There are 2 protein chains.
Amino acid sequence: MTDDERTEPEFLAGYSPGDYPAVAVTVDVVVLTVRDAALHVLLVRRGEHPYRDRWALPGGFLRPDESLDEAAARELADETGLTAGTAGTAAKADPPGSAGTAPGGARVHLEQLASYGDPERDPRMRVVTTAYLAFAPDLPEARAGSDAAGAAWVPVSALGLPAPDDDAAGARPVRQARSATRRLAFDHARILLDGVERCRAKLEYTPLATSFVTEPFTLAELRGVYEAVWDEPLHPPNFRRKVLSVPGFVESVGGTTERGGPRGGPRAALYRAGDARLLHPPMLRTATEERIR
Amino acid sequence: MTDDERTEPEFLAGYSPGDYPAVAVTVDVVVLTVRDAALHVLLVRRGEHPYRDRWALPGGFLRPDESLDEAAARELADETGLTAGTAGTAAKADPPGSAGTAPGGARVHLEQLASYGDPERDPRMRVVTTAYLAFAPDLPEARAGSDAAGAAWVPVSALGLPAPDDDAAGARPVRQARSATRRLAFDHARILLDGVERCRAKLEYTPLATSFVTEPFTLAELRGVYEAVWDEPLHPPNFRRKVLSVPGFVESVGGTTERGGPRGGPRAALYRAGDARLLHPPMLRTATEERIR
DNA sequence: CGAATAGTGTCTGTCAGACATTATTCC
DNA sequence: GGAATAATGTCTGACAGACACTATTCG
């Protein structure tokens, strides 16, 4: 209210962009997958000056003639070889058909996460980054290393991030001393945390868990995704009943697995993703007091 | 996979930002409020060259030493005189205490919406904008016009946007011929649509409906917010039972209104927002086939 | 008084969580 | 055969939607 004399058109057209120092725009991608019953993120080892040898999210500068979505898809392809179906900036999940298909038949979901523009976030210059979030099925170990020299899947739990629901209380002993545990470059820990939180939430009300598995999949595999991302065990019979009761979540593909489980059990029926974009009713996590307040 | 020779560090540090044309970063704010039982958005009339005389979202260039959140709060304050509590980029709703308070006791919720970077979105130059979403209580009519010359609250329904849940099917007769109906500048219609969709969704699982009313409020007022935003009538008794059963959504403040309703009826009890950040269980809309698929 | 609204009570169908049970397959 | 797992069935408590009803206040 102190500078009432400034009127609104100035903010839309009166300011010449040349009056301000250049702002660089980058795109970073949080690629999540589930391996060995744990949530993993794709990281690259930085070889250059700021934060050298630290792990970072894959990303790069926005090019002159590409949109943010295109830049994110390009970064994802460069690092993983996967083609992406982008959901754009809309709040909705993308329709099943828009998901890209890679050589291995992998479907990749890619959506915008958020933008980060703290003046201090890059020591070199002013950089605003738009982060994207991708859900990939478990890829062959080789995949990550083929295109990107220093890339690796790192368990999210090994990064010493604040626990799922206490990011306010940052005081938490970081026990692991592995190299992956070193703090991420820039503000990438914050970005990753936002991505993981978004992922957890989206499993509740969208069918995106199916983006973490390859089709056809069993209900046990799908349940494994929920258990890994939410980090809590689920009741197999109830999970089954719930999933099948949500219209359009999954649809039976007819057959069964070739063999039963590794330690016995009958062959599981196979499913593929249905045509629902939203789950009704949603797969609700049990209310945790810390998460609610 | 065609340019396998490019390795990952190039994308993080190998590209000199000077190699690319400058990108301007702006911030736009979708300020929503409920007036006369209808959802309204704050728009400004453009006085300058591209899209002159069109309505646009309030916004402006990011300044050298401010974060995106700060820029959005500044724009919001310039246009409405309201101080904002920013939820930042996190997925969570902000705690009740962080909401700003304006002279009139108004609480304003401000959160990041999404970023838009299509190369063609501004005819003048390359502009990437980060959109924010604000929920304001109903403000005195004078408020909008005081600081911003050409600002006005415009009913969202008067803008000829695609209907809530058929943005794919764009063919829809636009009947209103009022000046407000002219298409918004730039891609602001798309941004507004995303904001409205986000708003609708957030009423389901967060207590943000309380950001649209001034404390203390009655349950009828709160119900009016849901009805205006969702554009569907709700059963008063069931709404009441549901709201009161969600822990931390609202808490009784003790008294009642001075008078009954304008057309009769007893005095309503008064409430204020509780300390919940998420609603458990959520206030679910009835499943609409179009929204789900 | 008549109309409108706040608030309470109740019924019913659906669903979540927990548990028991059967069938199938691996070792 | 023993163990593990897929799939089905059942019970119970909680909740959503619908409706009836009472109480209060305005005009």
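Residues numbered from 1 in each chain as written. Chains lettered and ligands numbered in written order. Predicted model: local features only at pLDDT ≥ 70, side-chain atom pairs only at ≥ 80, totals over all residues. Heavy atoms only, no water.

Here's the deal with the protein's contact with DNA strand D
So, point 1. Lining the immediate surroundings of DNA strand D are 24 residues, of which Arg240, Arg263, Pro266 and Ala269 of chain A together with Lys242 of chain B lie closest.
So, point 2. Atoms of DNA strand D within 4 Å of the protein belong to the sugar or the phosphate in 71% of instances, the rest to bases.
So, point 3. A distance of 2.6 Å separates a phosphate oxygen of DNA strand D from a polar side-chain atom of Arg240 of chain A.
So, point 4. In this structure, a phosphate oxygen belonging to DNA strand D sits 2.6 Å away from a main-chain N or O atom of Ala269 of chain A.
So, point 5. Only helix H5 (219-230) and helix H6 (236-245) of chain A together with helix H6 (236-245) of chain B provide two or more residues apiece to the surface near DNA strand D.
So, point 6. Looking at the surface near DNA strand D, the element that brings in the most residues is H6 of chain B, giving four residues.
So, point 7. The residue inventory of the surface near DNA strand D, partitioned by class, reads eight nonpolar, eight polar and eight charged. (Near = heavy atom within 4 Å. Polar contact = N/O pair within 3.5 Å; in protein donor to acceptor, adjacent residues only side chain to side chain. Helix = DSSP H or I, 4+ residues; strand = E, 2+ residues; numbered from the N terminus. Nonpolar A, V, L, I, M, F, W, Y, C, P; charged D, E, K, R; others polar.)

Quick notes on the side chain of Asp122 of chain B
All names here are of chain B.
So, point 1. Mapped onto the elements, Asp122 comes out in the loop between strand E7 (107-116) and strand E8 (127-135).
So, point 2. Of the residues examined, Asp122 reaches a relative accessible area of 7% and is grouped as buried.
So, point 3. Apart from residues no more than four positions distant in its own chain, Asp122 is found in contact with Val127 and Phe186. (Buried < 20%, exposed > 50% of the residue type's maximum accessible area, 1.4 Å probe, protein only. Contact = heavy atoms within 4.5 Å.)

Observations concerning the protein's contact with DNA strand C
So, point 1. Around DNA strand C sit 24 residues in total, of which Lys242 of chain A together with Arg240, Arg263, Pro266 and Ala269 of chain B are the nearest.
So, point 2. When the atoms of DNA strand C within 4 Å of the protein are sorted by group, sugar and phosphate make up 70%.
So, point 3. A distance of 2.7 Å separates a phosphate oxygen of DNA strand C from a polar atom in the side chain of Lys242 of chain A.
So, point 4. At the level of elements, H6 of chain A together with helix H5 (219-230) and H6 of chain B are the ones that each hand at least two residues to the surface near DNA strand C.
So, point 5. The greatest single-element share of the surface near DNA strand C, amounting to four residues, is contributed by H6 of chain A.
So, point 6. Grouping the amino acids of the surface near DNA strand C by side-chain chemistry returns eight nonpolar, eight polar and eight charged.

Let's talk about the packing of H5 of chain A against H6 of chain A
Residue and element names in this part refer to chain A.
So, point 1. Between H5 and H6, whose axes approach to 10 Å, the crossing angle comes to 100°. Viewed along their axes, H5 and H6 adopt a mutual orientation that is roughly perpendicular. Between H5, through Leu219, Leu222, Arg223 and Tyr226, and H6, the contact on the second element is made entirely by Pro236, Phe239, Arg240, Val243 and Leu244. (Axes fitted to C-alpha atoms, helices over the stretch in contact; angles between N-to-C directions. Parallel < 35°, antiparallel > 145°, perpendicular 65-115°, else oblique.)

Some points on the packing of aromatic side chains
So, point 1. Using the criterion set out here, one finds nine aromatic pairs over all chains in the structure.
So, point 2. Taking the centre distance of 5.0 Å and the plane angle of 75° together, the rings of Tyr226 of chain A and Trp230 of chain A count as edge-to-face. Note that Tyr226 of chain A and Trp230 of chain A are positioned in helix H5 at a spacing of four residues, about one turn of the helix.
So, point 3. The exposure class assigned to Trp230 of chain A is buried, which follows from its relative accessible area of 9%.
So, point 4. For the pair Phe135 of chain B and Phe212 of chain B, a centre-to-centre distance of 4.9 Å together with 25° between the ring planes defines the contact as stacked. Separated by 77 residues along the polypeptide, Phe135 of chain B in strand E8 and Phe212 of chain B in the loop between helix H4 (188-205) and H5 bring together distant segments of the chain. (Phe/Tyr/Trp six-rings, centres within 6.5 Å; stacked < 30°, edge-to-face > 60°.)

Things to note about the pattern of salt bridges
So, point 1. For the coordinates displayed, the defined rule picks out 22 salt bridges over all chains.
So, point 2. The salt bridge partner of Arg74 of chain B is Glu75 of chain B, with a shortest N-O separation of 3.1 Å.
So, point 3. By relative accessible area, Glu75 of chain B is classed as buried at 1%.
So, point 4. Linking Glu204 of chain B and Arg285 of chain B is a salt bridge whose minimum nitrogen-to-oxygen distance equals 3.5 Å. Residue Glu204 of chain B is located in helix H4, and its partner Arg285 of chain B is located in the loop between strand E11 (269-273) and helix H7 (289-292); the two are separated by 81 residues in the primary sequence.
So, point 5. Glu204 of chain B gets classed as buried once you look at its relative accessible area, which sits at 11%.
So, point 6. Classification of Arg285 of chain B as buried rests on a relative accessible area of 8%.
So, point 7. Among the charged side chains, a salt-bridge network with shared partners connects Glu66, Arg74 and Glu75 of chain A. (Salt bridge = Lys/Arg side-chain N within 4 Å of Asp/Glu carboxyl O.)

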